[in-house]
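Residue-level structural notes
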Amino acid sequence: MKTSNPVLARLGQAAERERAAGYAPTGPYGQPGYPQQYPPQAGYPGAPGFPSAPPAVTPMSIDDVVVKTVTLLAIVGVAAAAAWVLVPDALLGVAWIGAAVVGLVLGMIISFSRMANPALVVAYAVVEGVLVGAISKFFESLYDGIVLQAVTATFGVFFVMAMLYKARVIRATPKFVKGMIAVMAGLFAVMLINLVLAMFGVNTGLRDGSPLAIGFSIVCIVVAALSFVLSFKEVEDGVRMGLPQRYSWVAAFGILVSLIWLYIELLRLLSYFQGED
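Residues numbered from 1 in each chain as written. Predicted model: local features only at pLDDT ≥ 70, side-chain atom pairs only at ≥ 80, totals over all residues. Heavy atoms only, no water.

Attention shifts here to the overall build of the protein. Counting its secondary structure elements, the protein contains eight helices and zero strands. Secondary structure elements of the protein occur, N-terminal to C-terminal, as α-α-α-α-α-α-α-α. When burial is assessed residue by residue, the protein has 42% of its 277 residues classed as buried. Summarising the internal contacts of the protein: among those between residues at least 6 apart in sequence, 80% fall at separations of at least 24. Accessible surface for the protein amounts to roughly 14500 Å². Of this, 72% is attributable to carbon and sulfur atoms. (Helix = DSSP H or I, 4+ residues; strand = E, 2+ residues; numbered from the N terminus. Buried < 20%, exposed > 50% of the residue type's maximum accessible area, 1.4 Å probe, protein only. Contact = heavy atoms within 4.5 Å. Areas by Shrake-Rupley, 256 points an atom, 1.4 Å probe, with all protein chains shown as cover.)

If the charged atoms of two oppositely charged side chains come close together, the side chains can form a pair. Enumeration over the complete set of coordinates arrives at five salt bridges. Where Glu236 meets Arg168, a salt bridge forms, and the shortest distance between an N and an O atom there is 2.8 Å. With Glu236 in helix α7 (residues 211–240) and Arg168 in the loop between α5 (146–166) and α6 (174–199), this residue pair connects regions lying 68 residues apart in the sequence. Judged by its relative accessible area of 27%, Glu236 is partly exposed. On the basis of relative accessible area, Arg168 is assigned to the partly exposed category, the value being 35%. Here the salt bridges do not stand alone but share partners, grouping Lys233, Asp237 and Arg240 into one network. (Salt bridge = Lys/Arg side-chain N within 4 Å of Asp/Glu carboxyl O.)

The terminal C-alpha atoms of α5 lie 30 Å apart, and with 21 residues this matches the ideal 30 Å at 1.5 Å per residue to within 8%. Buried within α5 are the following residues: Ile146, Val147, Ala150, Thr154, Phe158, Met161 and Tyr165. All buried residues of α5 project into a common sector of 105° when viewed along the axis, lining one side. When the buried face of α5 is taken as reference, the exposed residues oriented beyond 90 degrees from it are Leu148, Thr152, Met163 and Lys166. One or two steps after α5, the chain reaches Arg168, where phi turns positive at roughly 60°. (Expected span 1.5 Å × (residues − 1). Arc of directions from axis to C-beta.)

Closest axis-to-axis distance for the α6/α7 pair is 11 Å, and the angle between their directions is 140°. Classed by the angle they form, the pair α6 and α7 counts as oblique. In terms of crossing hand, the pair formed by α6 and α7 is left-handed. For the pair formed by α6 and α7, the contact residues are Phe176, Val177, Met180, Val183, Met184, Leu187, Val190 and Met191 on the first element and Phe216, Val219, Cys220, Val223, Leu226, Ser227, Val229 and Leu230 on the second. When its residues are assigned to classes, the contact of α6 with α7 shows 15 nonpolar, one polar and no charged. (Axes fitted to C-alpha atoms, helices over the stretch in contact; angles between N-to-C directions. Parallel < 35°, antiparallel > 145°, perpendicular 65-115°, else oblique. Left-handed = near helix turned anticlockwise from the far one by under 90°. Nonpolar A, V, L, I, M, F, W, Y, C, P; charged D, E, K, R; others polar.)

Quick look at the packing of aromatic side chains now. Working definition: an aromatic ring pair is given by the centre-to-centre distance plus the angle between the planes. Inspection of every chain in the model, using the stated rule, returns eight aromatic pairs. A centroid spacing of 5.5 Å and a plane angle of 85° characterise the contact between Phe138 and Phe139, whose relative ring orientation is edge-to-face. Judged by relative accessible area, which is 34%, Phe138 ranks as partly exposed. For Phe139, a relative accessible area of 9% puts it in the buried group. Summarising the aromatic geometry, the rings of Phe228 and Phe232 are spaced 6.3 Å apart at their centres and angled 20° between planes, so their arrangement reads as stacked. Here the residue Phe228 and the residue Phe232 both occupy positions in helix α7, the gap between them amounting to four residues, near one helical turn. (Phe/Tyr/Trp six-rings, centres within 6.5 Å; stacked < 30°, edge-to-face > 60°.)

Another point: the layout of surface pockets. The probe, sized like a water molecule, is rolled over the atoms to show the empty space still left. Looking at the largest pocket, its volume works out to about 2000 Å³. What lines the largest pocket is a set of 50 residues, among which Ala100, Leu104, Phe188, Met191 and Trp261 lie closest to the centre. Only α3 (92–112), α4 (118–142), α6, α7 and α8 (248–274) provide two or more residues apiece to the lining of the largest pocket. Class assignment of the residues belonging to the lining of the largest pocket gives a composition of 32 nonpolar, 13 polar and five charged. If you add up the space inside the second largest pocket, you get close to 390 Å³. What lines the second largest pocket is a set of 16 residues, and nearest its centre among them are Ile62, Val66, Phe158, Phe232 and Ile255. Breaking the lining of the second largest pocket down by element, the ones donating at least two residues are α2 (62–86), α5, α7 and α8. With six residues, the single largest contributor to the lining of the second largest pocket is α2. Grouping the constituent residues of the lining of the second largest pocket by class yields 14 nonpolar, one polar and one charged. (1 Å grid on protein atoms, 1.4 Å probe; cavity = no way out; pocket = protein on both sides within 12 Å on 5 of 7 lines; lining within 4 Å. Points joined across faces, edges and corners; volume = space filled by probe spheres on them.)

Have a look at this one:
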């Protein structure tokens, strides 16, 4: 199964690996869903009249993904609160940049690793919590109440997208997937180039509060919101394909990435308007 989400794309590949290893979620001893076994002998599990053995691997469910996502959000919240309280104002920039770099490295490792690693996902949530806490403290020091506004807007957008997806108002069709791939790749390239130019003192106008900057942030917010549709589709497909429960961490990680991206873009956009007062 192909996907446009670079994080949750690992789910489809994981399913193929599990199938190659002989795993599937139902049926003992050679039936689809379990490792191939020798024919069961009389008196042993799997033989006629003997109770069936419980599944060796529990398949992922929607509830698993929800629980893992909430858990990661709680970790981000605690880490953000700790950074807000413990990091002095003079070191906010250092914490901000350091957490962004470490988070990028961890995110790439998680995205491209061949196995689900809950420890790495939790570590990523902690690092991103420091990033969110440092950024939030900085913006709140400039614009009172902006953090609460951004948090409310972020979860509002998330739940709206979840309802739209559940009602099938928005679907991850092949054209939608291809379009999102192109747009997300383009945005990533533009942001990377803008960052490099900014390091050399070149102002492109994409992050300075100008009309161009406002338009760019709106585009990023729309794309971040639509990325939830891709995540929901990948989770749905992963559950249907019977991926092992541990891959719910990967799915939750993908949703967390989009949530943090959306929050930071909303925070930035809100600051543009408040900065005009």
